Amino acid sequence: MGLRAVIFDLDGVITDTSRFHYLCWKKLADQYHVPFDEKFNERFKGVSRKDCVRLLFPEIQDDARLDELAEQKNHHYVEMIQQITPADLFDGTQELLRELRAYGIKTAIGSASKNTPLVLQKLEIAHWFDAVADGTEVAHSKPAPDVFELCARKLNVACSECIVIEDAQAGVQAALAAGMTVVGIGSQELLPEADWTVNSVRDVSWDLLNRLTLKNKR
Ligand code: BG6
Ligand code: MG
């Protein structure tokens, strides 16, 4: 493949909203005396709100009740993200976007979050991306490839020409299912399927993206 686009996950990749998601699930879990910790939370990353509620309350079958619980969590979350400012953009994000733009590489956000527009607005970063695809637009959330395939369609590039930057196990699987190359943000132990892992978006360089492109050239 030749590299034509880089797709960024949102929560936990360009800003620390994955922390906010965790805190809100923890609050809900505590309220209902359900055990919940950071390890369990790894399975929530990249996964839709409704699927997260199903993970937290596996015994509940009633759809209306699941929606109610999802709404409670989202209420806490929307309140929390009001405090986001452009200073919450992770270091290195803007530099990488600038570099990609200079090389003519397209960029997109591919997130499961239905709050994507609000977070991007708070970060004042939306105009840097050529496309945005989020949880409001796809039938199946990560690990299904839908959101990344939609990004590729919006950017008018082939999936094999995209590199995804992801911090979630479900997100890495979604990118691979779409036939894309994936850089994991986090440990190799947590994201063993990623083509490469780095600690943060700051460590994603033009050089790394090119090396991965060459590695996956078929
Ligand atoms: C993902 C997060 O980006 O968005 C998940 O990693 C979250 O933890 C999902 O559940 C859905 O977010 P929202 O904002 O639609 O509830
Ligand atoms: Mg994420």
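Residues numbered from 1 in each chain as written. Chains lettered and ligands numbered in written order. Predicted model: local features only at pLDDT ≥ 70, side-chain atom pairs only at ≥ 80, totals over all residues. Heavy atoms only, no water.

Q: Can you help me understand the domain arrangement of the chain in this one?
A: Interfaces are frequently sized by the accessible area removed from exposure as the parts join. Its domain assignment divides the chain into domain 1 (5–16 + 86–217) and domain 2 (18–83). Here the C-alpha centre of domain 2 lies 23 Å away from the C-alpha centre of domain 1. Between domain 1 and domain 2, the contact holds 17 residues from the first and 17 residues from the second. Where domain 1 touches domain 2, the interface holds zero salt bridges. The interface formed by domain 1 and domain 2 contains six residue pairs in polar contact (both at pLDDT 80 or more). Those elements that place two or more of their residues in the side of domain 1 that touches domain 2 are α6 (116–123) and α8 (169–177). Counting residues per element, the side of domain 1 that touches domain 2 draws most heavily on α6, at three residues. (Domains from an automatic or database assignment. Contact = heavy atoms within 4.5 Å. Salt bridge = Lys/Arg side-chain N within 4 Å of Asp/Glu carboxyl O. Polar contact = N/O pair within 3.5 Å; in protein donor to acceptor, adjacent residues only side chain to side chain. Helix = DSSP H or I, 4+ residues; strand = E, 2+ residues; numbered from the N terminus.)

Q: I would appreciate a short explanation of the site of ligand 1 in the present structure.
A: Residues in close proximity to ligand 1 total 14 residues, the closest being D11, R49, S113, K114 and N115. Residue D11 places a side-chain N or O atom 2.6 Å away from an oxygen atom belonging to ligand 1. Here an oxygen atom of ligand 1 sits 2.7 Å away from a polar atom, N or O, in the main chain of K114. Considered on its own, ligand 1 offers 400 Å² of accessible surface; in the complex 98% of this is hidden by protein. Each residue belonging to the shell around ligand 1 can be placed in one class, and the counts come to four nonpolar, five polar and five charged. Here the shell around ligand 1 spans two domains, since at least three of its residues come from each of domain 1 (5–16 + 86–217) and domain 2 (18–83). (Near = heavy atom within 4 Å. Areas by Shrake-Rupley, 256 points an atom, 1.4 Å probe, with all protein chains shown as cover. Nonpolar A, V, L, I, M, F, W, Y, C, P; charged D, E, K, R; others polar.)

Q: What should I look at first to understand the packing of helix α4 (residues 63–81) against α6 in this one?
A: To describe two helices that pack against each other, one gives the angle between their axes and the distance between the axes. Viewed as axis vectors pointing N to C, α4 and α6 meet at an angle of 15 degrees, and their least axial separation amounts to 11 Å. The orientation of α4 relative to α6 falls into the category roughly parallel. Judged by the sense of rotation from one axis to the other, the crossing of α4 with α6 is left-handed. Packed against α4, whose contacting residues are Y77, V78 and I81, the element α6 presents L118, V119 and K122 at the interface. (Axes fitted to C-alpha atoms, helices over the stretch in contact; angles between N-to-C directions. Parallel < 35°, antiparallel > 145°, perpendicular 65-115°, else oblique. Left-handed = near helix turned anticlockwise from the far one by under 90°.)

Q: Explanation requested: the pattern of salt bridges in the structure shown.
A: Pairing between side chains of opposite charge can happen when the charged atoms of each approach one another. Taken as a whole and judged by the stated rule, the model has 13 salt bridges. In this structure, K26 engages D30 in a salt bridge whose closest nitrogen and oxygen atoms are separated by 3.2 Å. Note that K26 and D30 are positioned in helix α1 (residues 17–31) at a spacing of four residues, about one turn of the helix. Residue classification places K26 among the partly exposed positions, given a relative accessible area of 26%. As a salt-bridge pair, E68 and R65 come within 2.5 Å of each other at their nearest N and O atoms. In this pair, E68 and R65 both sit in helix α4, three residues apart, roughly one turn of the helix. (Buried < 20%, exposed > 50% of the residue type's maximum accessible area, 1.4 Å probe, protein only.)

Q: What is the right way to read the environment of L28 from this model?
A: Inspection of the secondary structure assignment puts L28 in helix α1. Relative accessible area serves as the criterion here: at 0%, L28 is assigned to the buried category. For the pair L28 and N115, spaced 87 residues apart in the sequence, the C-alpha separation amounts to 18 Å.

Q: Please explain helix α9 (residues 206–215) as it appears in this structure.
A: Since one α-helical turn is 3.6 residues long, residues separated by three or four positions face the same way. Listed in full, the buried residues belonging to α9 are W206, L208, L209, L212 and T213. Viewed along the axis of α9, the buried residues span an arc of 165 degrees, placing them on a single side of the element. Exposed side of α9, more than 90 degrees from the buried face: L214 and K215 are the residues found there. Buried positions along α9 lie against β1 (5–8), α5 (93–102), β4 (162–166), β5 (181–185) and β6 (196–198). (Arc of directions from axis to C-beta.)

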